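Observations on chain architecture
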Amino acid sequence: MKIIKAVFDDDKFEARITFEDATQFIINCPAAEKQADLKLNEFTRPDMFNLREKHTVRYTQLLLNGKLQEYLDNKYLERKTRLDFRIAQWSKRYPDMSESQIFSLIRECEMYGD
């Protein structure tokens with residue numbers, strides 16, 4: 001069945017889903033995420049929160065289809081690849097800076113814009 005509407009209730013941490021046949025379903029997000037045995041880390045956790053709160057339809061589709069971990073892993077690899085590329089790029093531009101200084105500079109640019 002196709003999900004036509006999903007709303008995240010951040011007070012109860014529930015996703016309220018409406019399917020195309022008007023069936024309604026409520027998912028207790030923490031319980032469902034625990035059941036899915038998600039491997040979250042400091043990099044994947046923000047992606048999951050963003051997906052759950054701002055893209056609830058996509059979140060519920062991935063959760064119900066058992067593909068949420070795969071999605072989060074792919075987002076992590078994208079971010080890591082982008083970060084590795086930027087570190088290499090900035091290391092060439094600023095050869096006197098340490099990797100931790102470059103990493104801090106990159107994080108600052110991500111927060112405030114390049």
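Here is a short report on the structure shown in this document. Here the structure is a predicted model, which means the values were calculated and not measured.

As for the environment of L72
Examined against the element boundaries, L72 turns out to sit in helix 4 (residues 68-93). Since its relative accessible area comes to 0%, L72 is described here as buried. Other than its neighbours up to four places away in sequence, L72 contacts L40, T44, D47 and M48.

Describing the nonpolar core
The biggest cluster of nonpolar side chains holds 17 residues, and the ones touching the most others in it are I27, Y59, L63 and L68. In contact with I27, other than residues within four places in its own chain, are F13, E14, A15, I17, A32, T60, L63 and L64. Counting 6 residues, the second-largest nonpolar core is a separate cluster that includes L83, I87, W90 and I102.

Quick look at the pairing of strand 3 (residues 24-28)
Strand direction decides the pairing type here: strand 2 (residues 14-19) and strand 3, joined by 5 bridges, are antiparallel. Counted as the bridge partner of E14 is N28 from strand 3. The hairpin formed by strand 2 and strand 3 contains 4 residues between the paired strands, and A22 there has a positive phi angle of roughly 75°.

With respect to the sheet that holds strand 3
Spatially, the 3 strands line up as an open sheet ordered 1-2-3, and their pairing is antiparallel. Lying at the two open borders of the sheet, with one neighbouring strand each, are strand 1 (3-9) and strand 3. Each adjacent strand pair in this sheet contributes to an overall mean axis angle of 20°, direction not counted. Where strand 1 and strand 2 come together, 6 bridges link them in antiparallel fashion. Bridge assignment links F8 to a residue of strand 2, and that residue is A15. Set on the sheet, helix 3 (residues 56-64) makes contact with strand 1, strand 2 and strand 3; between it and strand 1 the angle comes to about 105°.

Quick notes on the rules
- Residues numbered from 1 in each chain as written.
- Predicted model: local features only at pLDDT ≥ 70, side-chain atom pairs only at ≥ 80, totals over all residues.
- Heavy atoms only, no water.
- Helix = DSSP H or I, 4+ residues; strand = E, 2+ residues; numbered from the N terminus.
- Buried < 20%, exposed > 50% of the residue type's maximum accessible area, 1.4 Å probe, protein only.
- Contact = heavy atoms within 4.5 Å.
- Core = buried A, V, L, I, M, F, W, Y, C linked by side-chain atoms within 4.5 Å.
- Pairing = 2+ DSSP bridges.
- Axes fitted to C-alpha atoms, helices over the stretch in contact; angles between N-to-C directions.

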